[in-house]
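# Summary of structural features
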Amino acid sequence: MNGVVVINICYVAAAILFIYGLKLLGSPATARRGNQISSIGMLLAVVVTLFNRGIVDYTWIVVGIAVGGVIGVIVARTVAMTGMPEMVAIFNGFGGIASLLVGWAEFHPGRGHSPATLVAIALAVLIGGITFTGSLVAYGKLAERITSKPILFGGQQIVNAALVLAVLVLGAICCFADGGSSPGNARYGIFIAIVVVSFILGVMAVIPIGGADMPVVIALLNSYSGLAACAAGFVILNNVLIVSGALVGASGLILTNIMCKAMNRSLANVLFSGFGSASTSGGGSGVQGEAKPIVPADAYYIIEAAQSVIFVPGYGMAVAQAQHAVHELAQQLEQNGCEVKFAIHPVAGRMPGHMNVLLAEANVPYDQLVEPDDINPIMETVDVALVIGANDVVNPAAREDETSPIYGMPTIDVDRARTCIVLKRSLNAGFAQIENSLFFKDNTRMLFGDAKQSVTSLVAEFKGE
Amino acid sequence: MNGVVVINICYVAAAILFIYGLKLLGSPATARRGNQISSIGMLLAVVVTLFNRGIVDYTWIVVGIAVGGVIGVIVARTVAMTGMPEMVAIFNGFGGIASLLVGWAEFHPGRGHSPATLVAIALAVLIGGITFTGSLVAYGKLAERITSKPILFGGQQIVNAALVLAVLVLGAICCFADGGSSPGNARYGIFIAIVVVSFILGVMAVIPIGGADMPVVIALLNSYSGLAACAAGFVILNNVLIVSGALVGASGLILTNIMCKAMNRSLANVLFSGFGSASTSGGGSGVQGEAKPIVPADAYYIIEAAQSVIFVPGYGMAVAQAQHAVHELAQQLEQNGCEVKFAIHPVAGRMPGHMNVLLAEANVPYDQLVEPDDINPIMETVDVALVIGANDVVNPAAREDETSPIYGMPTIDVDRARTCIVLKRSLNAGFAQIENSLFFKDNTRMLFGDAKQSVTSLVAEFKGE
Amino acid sequence: MIVLSLTPLPADTVPLPVMLLFVLVLSIFLGFELIAKVPSTLHTPLMSGSNAISGITIVGALLSSGSGNGPATTILGTLAVAFAAINVFGGYLVTDRMLAMFRKKDDNS
Amino acid sequence: MIVLSLTPLPADTVPLPVMLLFVLVLSIFLGFELIAKVPSTLHTPLMSGSNAISGITIVGALLSSGSGNGPATTILGTLAVAFAAINVFGGYLVTDRMLAMFRKKDDNS
Ligand SMILES: NC(=O)c1ccc[n+]([C@@H]2O[C@H](COP(=O)([O-])OP(=O)(O)OC[C@H]3O[C@@H](n4cnc5c(N)ncnc54)[C@H](OP(=O)(O)O)[C@@H]3O)[C@@H](O)[C@H]2O)c1
Ligand SMILES: NC(=O)c1ccc[n+]([C@@H]2O[C@H](COP(=O)([O-])OP(=O)(O)OC[C@H]3O[C@@H](n4cnc5c(N)ncnc54)[C@H](OP(=O)(O)O)[C@@H]3O)[C@@H](O)[C@H]2O)c1
């Protein structure tokens, strides 16, 4: 057995570790071990690669790993749990640019390439480039560094079509002109043009999408970053890149699909409709009736008497960082003999599983979390539904108002609970910019104010007893 | 693109069709389409192979396909649904021998082989040979052409150990002596010896296993026939054989595992313990009390008054071919306003899913079938449990008698139903040869006689009304 | 700056058996995932269906039977074709026969 | 009877790109099966974990960075190594940090 065989068998082993790691991610009890196993696979893949006899100088490798490693560790240590969506967005971008650079470096040595390899390089660059700039824009929208409203302008479609056409033509010339045999300056120029157009395409693809749809975009870009790695794998003819890239690609696509289903919209609608742009926004307060405000002391009497309470957290819990206070309130309620559950909507917050992570951070056991399908059928038996900064995911319009843009989206039907208390700062709309008739229902009470402060006052009422 | 690339891409497509077909087998509603898609994959794989430029003469190919095809079609058309276990057993054997012959034919051309190829050939022959004779013995036991009792003799372990040792030594010589460069008569002799020892090993592996455990053996041999195809794939370096073989291998192993769990025994215990041999058999009738016989007319009054009835079919329903009569009785009961379910134990009958197929044949809709885990918790609410030729799978000893060999095996707890009526011909034991205390419980009535006749009389009582 | 080199990247030479091993490993994982999802109702058709799939060894049998490498290879290959064909035809047909019988409640009665 | 022939079986020459395509297809199927099973509770860690896995492109980056094929390749490769390393280190660590927080009922209070 020679070295090449050993190296390749190690790549097989690394792929097995990735797969097995993902399999363990199927249950919260084993997920942490799964992530560790996956990281061992990565370590193995990196270490055997260092033994490759094509590597003659380790200086810059060490520099690259050191710089990237330090940045990665610092980010991972310091990022707040509420900042996860932004972090995932920017990391997708890094994955994309890395694959682009691998393709570029492979194009560079000046040696001829077969058309097949050139196609793989062009794909790695195209997908990687789109992923990079698209992720940066998504990051900007999420972090609200740029407007989260869709950016639309006249002739946008035409510009985009021209860009797509340009990249196709450039790609065809680059890959198939004179059989790819010579690099040549002209070809190199075309290659750089592809890089630039990919970057522009990434920006153009994401700016017309509203901030509320960024989670879908991020999942899709996650998928793209995997596909870029796949393409890079075809460039350097390496299995483990292909396997891992395909796993990531599948993961992103599945999450995209889950979110679209949870919003009852098609992916095409998310990407191209400019949902949430000024023209569709409604904004503003109560035109549908009168909301009934409540003060913490009165809210306390209601929940103190309740036998069963569900918490329905939303993006506002993340903004207010209220998760710890919420857990404390839940414990007070339980000590009071009340049955407590957390109902988590799949698109509550700003990324899939967002609420779950925050509640996990606050030590809420995951077996206390239920999904809409579990809780909706027994909603009538719930004494109090406490809505903590959620809005769109509890909007009855999805069931009642056929003209609503979110009509048909599955929601948590808190309006069918005996009493519903909504904690938010105002009657303003949520991220989808849609009026919420829940606030004006007979059995709804509005507990205005920052969610953390409101919850803390409720806890204080319990403790003051 | 040259021909070789096209052929290999077609193999990729064939593998995709197999995989997609298996995926559709995940639900009864899509299963038939899945099987058809899988067969299209097979057609594709066969057709592109015929374009291989290594094939110079089609005469014998046509003969082989014609003979095999005709036999296959006839068997598939004529086999009774009750004969499925035997058919699967013998088909496993054919798969094994085919892989053995492929390995042999590849060894034969007299050209030298690399040790790696020789190892693959030896594995194809060894696994294929064991699968072939093992399956024939399993078939014989199921069809009761040979005794279904375990065949045990003194020194059996020693003989088996010697055989395993022999095959290892022969294999090592065949694969590694003088680098495999020349075929030579000596090597050919050794090769034939491997074939013979594999055949003997297959027989020896299965004869000490009792007839009741044949389903497990068949699933295991199913898995082996897949592994043999895998090995043949490494011989001819063909992907599609490897993928399909691995799928079959996984399928057999999973079924083996499910059955062992359902019987609460380890695979080692099934294969090596001689379970069901004369020494463990109990045989014979009522030593535990008095069984209360009932006549159809009285049984009719009980079920006629029942609000909810479950049928628990077992191997006796297959023997009596009572499935159609059972369905008729179920329909009568339903017309009578009674809720009817069929509770199917995973190892009822003689192969996994045996009862499901028979009931499907009799047009019982599959959504009327429930699993033990669904029915056991609500068993107290069942008015009448009608046990149709089941025995071991309803034996309360599995829960009550710690000394019983089946203690801990999950059963359908019919003794907890308000009334239990058992339809069988006598108080004889089932295939595990274990006394059944169910027959002597207070709320159990025995309706003696052939299951089909008994059920038909019950139907007649309903119609006579 | 542009150096003409043909540094042999290792992957250019991934040995075929290693690739096949890769395919084997992935298929095993995939097989377990797929088959664990087959409900117990369908276990008998699953067995007969996998009988049919294991007839894929017919691909190897065809190559031997038609190779023209002397009578011994032809005979062995042809026997293999026949046995594998029994599995393929018999397996798929009997599975289809069985699956055609499975019905939901509203399809009948 | 024994004929010395070297009939080229086609599989002897399965082209590497086709094998890689095979691996791709199997991985896609496997990915869908595995990820469809991840519960929604774990979707955020799944995203950050797959960030980390997509850092696998570091393997290609290492080969370029250390190839000694002139400064341009080295610079591009080193940049790629750095970006991918951010993903690998950051992705795995942050995922671990998140997953460490998930608890069952009996683990606390
Ligand atoms: N999670 C995902 O994966 C995902 C994916 C795609 C789309 N989305 C979209 O994101 C949205 C998520 O719905 P959601 O119900 O969770 O959130 P939401 O509809 O965006 O509403 C959040 C609410 O929280 C309130 N809030 C903000 N800061 C607060 C604070 N400090 N204290 C109290 N309340 C505060 C806001 O009302 P006030 O300003 O009045 O306080 C706001 O109405 C949906 O539109 C969904 O379609 C999510
Ligand atoms: N299905 C599988 O995949 C599988 C796998 C491994 C092992 N096994 C074993 O197979 C057995 C299956 O259990 P089971 O409860 O289905 O069957 P069983 O325990 O074998 O009992 C079948 C009963 O049917 C009765 N019977 C036979 N012919 C009949 C007829 N014409 N009319 C009425 N009754 C008739 C027999 O009693 P009489 O002679 O008194 O009539 C016999 O006791 C278990 O021991 C299980 O462990 C099955």
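Residues numbered from 1 in each chain as written. Chains lettered and ligands numbered in written order. Predicted model: local features only at pLDDT ≥ 70, side-chain atom pairs only at ≥ 80, totals over all residues. Heavy atoms only, no water.

## A few points about the interface of chain C and chain B
Contacts between chain C and chain B engage 81 residues on the former and 100 residues on the latter. Of all residues in chain C, the largest losses of buried area upon contact with chain B belong to Met-47, Ile-56 and Tyr-92 of chain C, amounting jointly to 9% of the total for that side. Where chain C touches chain B, the interface holds one salt bridge. Its salt-bridge partner being Asp-96 of chain C, residue Arg-32 of chain B comes within 3.0 Å of it at the nearest N-O pair. Counting every contact that joins chain C to chain B gives 18 residue pairs in polar contact (both at pLDDT 80 or more). For the side of chain C that touches chain B, the elements supplying multiple residues, two or more each, are α1 (16-36), α2 (43-54), α3 (58-65) and α4 (71-101) of chain C. Counting residues per element, the side of chain C that touches chain B draws most heavily on α4 of chain C, at 29 residues. When grouped by side-chain class, the residues that make up the side of chain C that touches chain B number 46 nonpolar, 29 polar and six charged. (Contact = heavy atoms within 4.5 Å. Buried area = accessible area lost by both parts, 1.4 Å probe. Salt bridge = Lys/Arg side-chain N within 4 Å of Asp/Glu carboxyl O. Polar contact = N/O pair within 3.5 Å; in protein donor to acceptor, adjacent residues only side chain to side chain. Helix = DSSP H or I, 4+ residues; strand = E, 2+ residues; numbered from the N terminus. Nonpolar A, V, L, I, M, F, W, Y, C, P; charged D, E, K, R; others polar.)

## A few points about the site of ligand 1
Residue and element names in this part refer to chain A. Contacts to ligand 1 come from 32 residues, most closely from Asn-391, Asp-392, Arg-425, Ser-426 and Asp-450. In this structure, a nitrogen atom belonging to ligand 1 sits 2.9 Å away from a main-chain N or O atom of Val-347. One of the backbone nitrogen or oxygen atoms of Ala-451 is found 2.9 Å away from a nitrogen atom of ligand 1. In isolation ligand 1 exposes 910 Å². Once the protein is present, 96% of that is buried. Among the elements of the structure, α8 (214-235), α9 (239-263) and α12 (315-320) are those that each provide at least two residues to the shell around ligand 1. Looking at the shell around ligand 1 element by element, the count peaks at four residues for α12. The residue inventory of the shell around ligand 1, partitioned by class, reads 18 nonpolar, nine polar and five charged. (Near = heavy atom within 4 Å. Areas by Shrake-Rupley, 256 points an atom, 1.4 Å probe, with all protein chains shown as cover.)

## Notes on the sheet that holds strand β6 (residues 444-448) of chain A
Within a sheet, each strand pairs with its neighbour through backbone hydrogen bonds, oriented either parallel or antiparallel. Residues and elements named next belong to chain A. Here we have six strands laid out as an open sheet, ordered β3-β2-β1-β4-β5-β6, and parallel in their pairing. Only two strands of the sheet have a single partner each, and these edge strands are β3 (369-370) and β6. As judged from the five bridges shared by strand β5 (residues 419-424) and β6, these two strands associate in the parallel manner. Counted as the bridge partner of Ile-421 is Arg-445 from β6. (Pairing = 2+ DSSP bridges.)

## Side note on the site of ligand 2
All names here are of chain B. In the vicinity of ligand 2 lie 32 residues, with Ala-212, Asn-391, Asp-392, Arg-425 and Ser-426 positioned nearest. Ala-348 places a polar main-chain atom, nitrogen or oxygen, 3.0 Å from a nitrogen atom of ligand 2. The contact in question runs from a nitrogen atom of ligand 2 to an N or O atom on the backbone of Met-351, over 3.2 Å. In isolation ligand 2 has 910 Å² of accessible area, and contact with the protein removes 96% of it. Every element with two or more residues in the shell around ligand 2 is listed here: α8 (214-235), α9 (239-263) and α12 (315-320). Residue composition of the shell around ligand 2, grouped by class: 18 nonpolar, nine polar and five charged.

## Details of the pattern of salt bridges
All names here are of chain A. All told, the structure shown has 24 salt bridges over all chains when counted by the stated rule. Asp-413 is the partner of Arg-399 in a salt bridge, and the nearest nitrogen-oxygen pair spans 3.3 Å. Placement of Arg-399 in helix α16 (residues 397-400) and of Asp-413 in the loop between α16 and β5 is noted, with a sequence separation of 14 residues between them. Residue Arg-399 is classed as partly exposed on the basis of its relative accessible area, which comes to 32%. Given a relative accessible area of 8%, Asp-413 falls into the buried group. (Buried < 20%, exposed > 50% of the residue type's maximum accessible area, 1.4 Å probe, protein only.)

## Digging into the nonpolar core
Core analysis: the biggest nonpolar cluster contains 399 residues, and Phe-311 of chain A together with Phe-311 of chain B have the highest contact counts within it. Filtering out sequence-adjacent residues up to four positions away, Phe-311 of chain A remains in contact with Val-326, Leu-329, Ala-330, Leu-333, Val-340, Lys-341, Phe-342, Ala-343, Leu-386 and Ile-388 of chain A. (Core = buried A, V, L, I, M, F, W, Y, C linked by side-chain atoms within 4.5 Å.)

## A look at helix α7 (residues 185-206) of chain B
Residue and element names in this part refer to chain B. For α7, spanning 22 residues, the distance from its first C-alpha to its last is 32 Å, which sits close to the expected 32 Å at 1.5 Å a residue. Taken together, the buried positions of α7 are occupied by Arg-187, Ile-190, Phe-191, Ile-194, Val-195, Val-197, Ser-198, Leu-201, Gly-202, Met-204 and Val-206. In the core, the buried residues of α7 are packed alongside α4 (84-107), α5 (115-142), α6 (156-176) and α8. (Expected span 1.5 Å × (residues − 1).)

## Here's the deal with the packing of aromatic side chains
Both the distance between ring centres and the angle between the ring planes are used here to describe each pair of aromatic rings. Inspection of the entire model under this criterion finds 22 aromatic pairs over all chains. With a centroid separation of 5.2 Å and an interplanar angle of 45 degrees, the aromatic rings of Phe-94 of chain B and Phe-83 of chain C are classed as tilted. One end of the pair, Phe-94 of chain B, is in helix α4; the other, Phe-83 of chain C, is in helix α4, on a second chain. With a centroid separation of 5.0 Å and an interplanar angle of 90 degrees, the aromatic rings of Tyr-300 of chain B and Phe-462 of chain B are classed as edge-to-face. With Tyr-300 of chain B in helix α11 (residues 296-304) and Phe-462 of chain B in helix α17 (residues 451-464), the pair connects residues that are 162 residues apart, well separated along the chain. (Phe/Tyr/Trp six-rings, centres within 6.5 Å; stacked < 30°, edge-to-face > 60°.)

## What to know about the side chain of Ser-27 of chain C
Mapping Ser-27 of chain C onto the fold places it in helix α1. The residues touching Ser-27 of chain C, leaving out its near neighbours within four places in the chain, are Val-243, Ala-246 and Leu-247 of chain B together with Leu-26 of chain D.

## Section: the pairing of strand β2 (residues 339-343) of chain B
All names here are of chain B. Strand direction decides the pairing type here: strand β1 (residues 308-313) and β2, joined by four bridges, are parallel. Bridge pairing links Ile-310 to Lys-341 in β2. Bridge count for β2 against strand β3 (residues 369-370) is two bridges, and the pairing is parallel. Following the sheet pairing, Phe-342 is matched in β3 by Leu-369. The β-α-β motif built from β2, the intervening helix α14 (residues 354-361) and the parallel element β3 has right-handed crossover chirality. (Right-handed = clockwise from strand over helix to strand, strands pointing away.)

## Concerning the confidence of the model for chain A
Looking at chain A as a whole, the pLDDT averages 89, with 94% of positions reaching at least 70. For residues 278-286 of chain A, every residue scores under 50 in pLDDT, and the model assigns this stretch 13 contacts once sequence neighbours within four places are set aside. (pLDDT = per-residue confidence, 0-100.)

## Details of the confidence of the model for chain C
Detailed reading of the predicted coordinates is not advisable wherever pLDDT falls low. Residue and element names in this part refer to chain C. Mean pLDDT over chain C: 84, with 84% of residues reaching 70 or higher. The low-confidence segment residues 1-12, where pLDDT is below 50, has 24 contacts with residues more than four positions distant or belonging to other chains. We note a pTM of 0.86 for the whole complex and an ipTM of 0.86 for its interfaces.

## Observations concerning a nonpolar patch on the surface
The grouping of Trp-60, Val-63, Val-67 and Ile-71 of chain A at the surface amounts to a nonpolar patch, some 320 Å² of accessible area in total. Here Ile-71 of chain A lies in helix α3 (residues 59-78). (Patch = residues over 30% accessible without salt bridge, like charges linked within 9 Å, V, L, I, M, F, W, Y side chains within 5 Å.)

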